Every structure is written in structure tokens, then in C-alpha cells.
Amino acid sequence: MAGHSQFKNIMHRKGAQDAKRAKQFAKVIREITVAAREGMPDPAMNPRLRAAVLAAREVNMPKDTVERAIKKASGAGGGEDYVEVRYEGYGPAGVAVIVEGLTDNRNRTASDVRAAFSKHGGSLGETNSVSFMFQRLGVVTYPLDVATEDEMLEAGIEAGADNVETTAEGHEITCPVESFFAVRDALETRFGEPASAKLDWRPETVVTLDEDKARSVLKLIDVLEENDDVQAVYANFDLPDDVAEALSA
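Residues numbered from 1 in each chain as written. Predicted model: local features only at pLDDT ≥ 70, side-chain atom pairs only at ≥ 80, totals over all residues. Heavy atoms only, no water.

With an unreviewed UniProt entry as reference, the protein is termed Probable transcriptional regulatory protein CFR72_10445, source organism Gluconacetobacter entanii. In the Subcellular location (unreviewed entry) part of its UniProt record, the protein is described as follows: "Cytoplasm". In its Sequence similarities (unreviewed entry) section, the UniProt record describing the protein reads: "Belongs to the TACO1 family." (UniProt positions renumbered as here; feature names shortened; annotations may be inferred.)

Next comes the structure, spelled out in C-alpha cells:
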């Protein structure tokens with residue numbers, strides 16, 4: 001029975017991983033669709049599309065899937081029309097939450113997001129009700145082995161970045177939103193394709209959570225991220241090491 005039980009557990013986990021990957025693929029395809037329709041269908045000529053293709057590589061999306069998505073999006077009148085949406089509100093313990101999405105039905109998405117906040121101890125606010133507590137940044141990351149700390153710092157300054165931070169996990173270069181593509185392209189010319197390159201919301205103040213509150217906040221974030229229309233969720237909370245360990249146990 002132990003072997004059978006273990007097999008069932010492995011199958012369940014594989015099924016969950018496959019479902020998660022399918023959701024990741026769907027979200028990236030939406031971004032590719034919007035990016036390809038917004039500009040040229042050639043990533044070399046379309047900065048947003050290049051960023052979307054890089055995001056596709058991060059989730060190991062096959063190249064032919066990416067190419068099919070671009071081709072479908074650039075075809076005459078084919079596929080859905082998505083609009084960008086952003087929702088802001090407070091989760092449990094007063095944690096500020098920003099939700100970004102791409103949707104073909106604003107009413108459905110707004111209703112779903114509002115219901116998620118209400119059901120999980122939060123409240124949806126007006127636009128800009130919490131974004132003032134965050135900083136909007138461009139973030140480019142590279143593996144540690146592509147350059148020394150000094151080399152990356154020099155390159156970042158020359159490219160127009162605001163900050164370069166090197167840790168054991170790699171190099172992180174941050175810059176203003178308006179210079180994001182220029183900074184990314186300058187670094188790519190020197191060091192090759194980055195590990196990731198995206199726009200991010202970084203909290204300027206954080207709420208430290210205990211285990212119970214952390215579970216509530218993470219449940220809300222999980223539910224929001226499960227929504228097909230949601231592309232990304234940002235929140236201003238911090239977990240002490242002991243709480244993070246308890247949650248991952």
C-alpha cells in the first residue's frame with residue numbers, strides 16, 4: 001500500500017505541476033498577444049514583445065508555442081482583445097495589494113477580484129489607493145557568473161540604472177520605468193540575454209506578519225493568482241525566518 005500511496009502522491013503532484021505550468025503558459029500567451037498587437041510582431045523591433053518572449057523562456061515555454069502565439073496575435077482579426085487592468089486594495093492585517101491583469105471582460109474580472117478580497121479578509125479599494133506605498137521599477141537580473149560585481153556596477157551606471165545589487169543569488173539592476181528598455185538593451189549588448197527583465201512594484205514600507213496572518217494573506221494571493229485574468233500580484237508584507245520555515249514545513 002505504501003508504494004501505491006506514494007505513486008498516487010507523485011501523480012497528484014505531477015498533475016498539480018502540469019496545471020500550474022498550463023496557467024503560466026496561458027498568462028504569458030496573453031502578454032505576447034497584447035505586445036504583438038501593440039507593436040511589430042518582431043521581438044527585435046518590439047521591446048514589450050521581447051520582454052514577453054523572455055518571460056516565456058523563464059517558464060520553459062517551447063519555442064514553437066511562442067511563435068504560434070505571435071503569429072496568431074498578428075493575424076488579421078484573430079483571437080481575443082485583451083485590455084490591461086489594475087486593482088488595488090488591502091488584504092488581511094492591513095497588507096497593501098496590487099493586482100495586474102489582462103482581460104477580455106472587465107466586469108467579470110472586477111467581480112472576481114472583489115469577491116476574492118471579500119472572501120479572504122480583505123477589501124478592494126479605488127485605483128491609486130495603495131500604489132503610493134510602492135515604487136514602480138524596471139528590474140533586470142543576471143546570473144552571478146556573467147560578470148564581477150564591479151563590472152556589473154559599471155555597466156549598470158553607464159546604461160542609466162539607479163541601482164545595482166550583487167548577492168549570492170546573482171546581479172539585480174533596477175532603473176526608472178521610462179528607461180527600462182534602454183537599460184535592458186544596453187546590458188544585453190554587453191552580457192547577453194538576462195535571466196529576467198520586467199517591470200515590478202516594490203513596497204517602500206512592509207508589514208511583518210505572524211504565522212496566522214501570513215497564512216491568510218498567502219491564501220488571498222493564491223486565489224488571486226489562480227484567476228486566469230490576473231497576470232501578477234504584489235503585496236507589501238515581510239515574513240520572519242521562523243514564520244517562513246513554519247509555512248514551508
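Draft legend 1. Main features of the sheet that holds strand β1 (residues 83-90). A sheet is described by the order of its strands in space; here 4 strands give the open sequence β3-β1-β2-β9, paired in antiparallel fashion. Where the open sheet ends on each side, the last strands, each with one partner, are β3 (123-124) and β9 (230-235). Seen against the sheet, helix α4 (residues 106-119) touches β1, β2 (96-103) and β3 and runs at an angle of roughly 20° to β1. Against the sheet, helix α7 (residues 211-226) makes contact with β2 and β9, and its axis sits at roughly 160° relative to β9, the strand it touches most. (Pairing = 2+ DSSP bridges. Helix = DSSP H or I, 4+ residues; strand = E, 2+ residues; numbered from the N terminus. Contact = heavy atoms within 4.5 Å. Axes fitted to C-alpha atoms, helices over the stretch in contact; angles between N-to-C directions.)

Draft legend 2. Expanded view of the environment of Val217. Its place among the elements puts Val217 in helix α7. Judged by its relative accessible area of 2%, Val217 is buried. Along the sequence, Val217 and Gly121 sit 96 residues apart, while their C-alpha atoms lie 8.4 Å from each other. Excluding residues within four positions of it along the chain, Val217 makes contact with Pro92, Val95, Leu209 and Phe237. (Buried < 20%, exposed > 50% of the residue type's maximum accessible area, 1.4 Å probe, protein only.)

Draft legend 3. Highlighting the UniProt feature "domain: TACO1/YebC-like second and third" (unreviewed entry) in the protein. According to UniProt, the positions carrying the feature "domain: TACO1/YebC-like second and third" (unreviewed entry) are residues 82-237. The straight-line gap between the two end C-alpha atoms of residues 82-237 is 30 Å; of that span, 34% is helix and 35% is strand.

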